[in-house]
Amino acid sequence: MSDLKVDGFKASDIIVGLGSAFDGFTDTQRQAQVKKTKGIFELRITNADKKEAVWTIDLKNKGVIVKGLASPKADVTLIMSDDTFSQLASGKLDGQKAFLTGKLKTKGNVMLATKLAAVLDIAKGKAKL
């Protein structure tokens, strides 16, 4: 999963962990997660140096994570800082609160964005399939 790593981003380690969890799925588990989520997330994360990294979580078609822009087009694009993403992933920050305070911006299907927490829980091993 080193192909998901981007130096200088805390989010990178979280994404790599999520990718490893996805790699451990059986085909049945992967399809169950796709059926449950039904969406493509594009994560645009900006670090303290104002550099941006982009990852795509495809839980609509393939059940994979890739570094780079979504192809096909993302159902929702989530734009946030590296710190905000780390806090969301660790559960220290609620997605709705992040959105309402302007720490998290979205483009596209905002209701799909509410499923991100469940997707991030996969990396912590807490997700139910």
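- Looking at an unreviewed UniProt entry, the chain carries the name Sterol-binding-like protein, with the source organism given as Rhizopogon vinicolor AM-OR11-026.

Re the overall build of the chain
Consideration 1: When its secondary structure is counted, the chain shows six helices and five strands.
Consideration 2: What you see in the chain, going N to C, is helices and strands ordered as α-α-β-β-β-β-α-α-β-α-α.
Consideration 3: In terms of overall dimensions, the chain is globule-like: its C-alpha atoms have a radius of gyration of 13 Å, near the 14 Å expected for 129 residues.
Consideration 4: Counting across all 129 residues of the chain, residues that qualify as buried make up 40%.
Consideration 5: For the chain, the proportion of contacts with a sequence separation of at least 24, taken over those separated by at least 6, is 64%.
Consideration 6: Averaging the locations of the 22 positively and 14 negatively charged side chains of the chain gives two centres separated by 6 Å.

Re the side chain of Thr56
Consideration 1: As for its placement among the helices and strands, Thr56 is situated in strand 2 (residues 52-59).
Consideration 2: Here Ala70 takes part through its backbone nitrogen, which lies 3.1 Å from a polar atom of the side chain of Thr56.

A look at the sheet that holds strand 2
Consideration 1: With mixed pairing, the five strands of this open sheet are ordered in space as 3-2-1-4-5. Since the sheet does not close on itself, it has two edges, and those belong to strand 3 (64-67) and strand 5 (104-108), each with one partner. Sheet twist, expressed as the average angle between the axes of neighbouring strands with direction ignored, equals 20°.
Consideration 2: Here strand 4 (residues 76-81) runs beside strand 5; their pairing, made up of five bridges, is antiparallel. Pairing of Met80 across the sheet is with Leu104, part of strand 5.
Consideration 3: Lying over the sheet, helix 1 (residues 10-23) contacts strand 1 (39-46), strand 2 and strand 3, oriented at roughly 20° with respect to strand 2.
Consideration 4: Against the sheet, helix 2 (residues 27-37) makes contact with strand 1, strand 2 and strand 3, and its axis sits at roughly 100° relative to strand 2, the strand it touches most.

What to know about the nonpolar core
Consideration 1: Core analysis: the biggest nonpolar cluster contains 33 residues, and Leu43, Trp55, Ile57 and Leu78 have the highest contact counts within it.
Consideration 2: Taken together, the elements giving at least two residues each to this core come down to helix 1, strand 1, strand 2, strand 4, helix 3 (82-90), helix 5 (110-113) and helix 6 (116-124).
Consideration 3: Top element by residues in this core is helix 1. It accounts for five residues.
Consideration 4: In contact with Ile57, other than residues within four places in its own chain, are Leu18, Phe22, Gly39, Ile40, Phe41, Leu43, Val64, Ile65 and Val119.

Examining the layout of surface pockets
Consideration 1: In this structure, the largest pocket spans a volume of roughly 410 Å³.
Consideration 2: Around the largest pocket sit 20 residues that line it, and Asp94, Gly95, Gln96, Ala113 and Thr114 are the ones nearest its centre.
Consideration 3: Those elements giving two or more residues to the lining of the largest pocket turn out to be helix 4 (95-100), strand 5, helix 5 and helix 6.
Consideration 4: With five residues, the single largest contributor to the lining of the largest pocket is helix 6.
Consideration 5: Looking at the lining of the largest pocket, its residues break down into twelve nonpolar, five polar and three charged.

A closer look at the packing of helix 1 against helix 3
Consideration 1: At a closest axis distance of 8 Å, the pairing of helix 1 and helix 3 adopts a crossing angle of 40°. Judged on the interaxial angle alone, helix 3 and helix 1 are oblique. Seen along the crossing, helix 1 lies across helix 3 with a hand that is left-handed. Residue-level contacts link Lys10, Ala11, Ile14 and Ile15 of helix 1 to Asp82, Asp83, Phe85, Ser86 and Ala89 of helix 3.
Consideration 2: The class makeup of the residues in the contact of helix 1 with helix 3 is five nonpolar, one polar and three charged.

Reading guide: rules and limits
Residues numbered from 1 in each chain as written. Predicted model: local features only at pLDDT ≥ 70, side-chain atom pairs only at ≥ 80, totals over all residues. Heavy atoms only, no water. Helix = DSSP H or I, 4+ residues; strand = E, 2+ residues; numbered from the N terminus. Rg over C-alpha atoms; globule rule 2.2 N^0.38 Å. Buried < 20%, exposed > 50% of the residue type's maximum accessible area, 1.4 Å probe, protein only. Contact = heavy atoms within 4.5 Å. Lys, Arg positive; Asp, Glu negative; His and termini not counted. Charge placed at Lys NZ, Arg CZ, Asp CG, Glu CD. Polar contact = N/O pair within 3.5 Å; in protein donor to acceptor, adjacent residues only side chain to side chain. Pairing = 2+ DSSP bridges. Axes fitted to C-alpha atoms, helices over the stretch in contact; angles between N-to-C directions. Core = buried A, V, L, I, M, F, W, Y, C linked by side-chain atoms within 4.5 Å. 1 Å grid on protein atoms, 1.4 Å probe; cavity = no way out; pocket = protein on both sides within 12 Å on 5 of 7 lines; lining within 4 Å. Points joined across faces, edges and corners; volume = space filled by probe spheres on them. Nonpolar A, V, L, I, M, F, W, Y, C, P; charged D, E, K, R; others polar. Parallel < 35°, antiparallel > 145°, perpendicular 65-115°, else oblique. Left-handed = near helix turned anticlockwise from the far one by under 90°.

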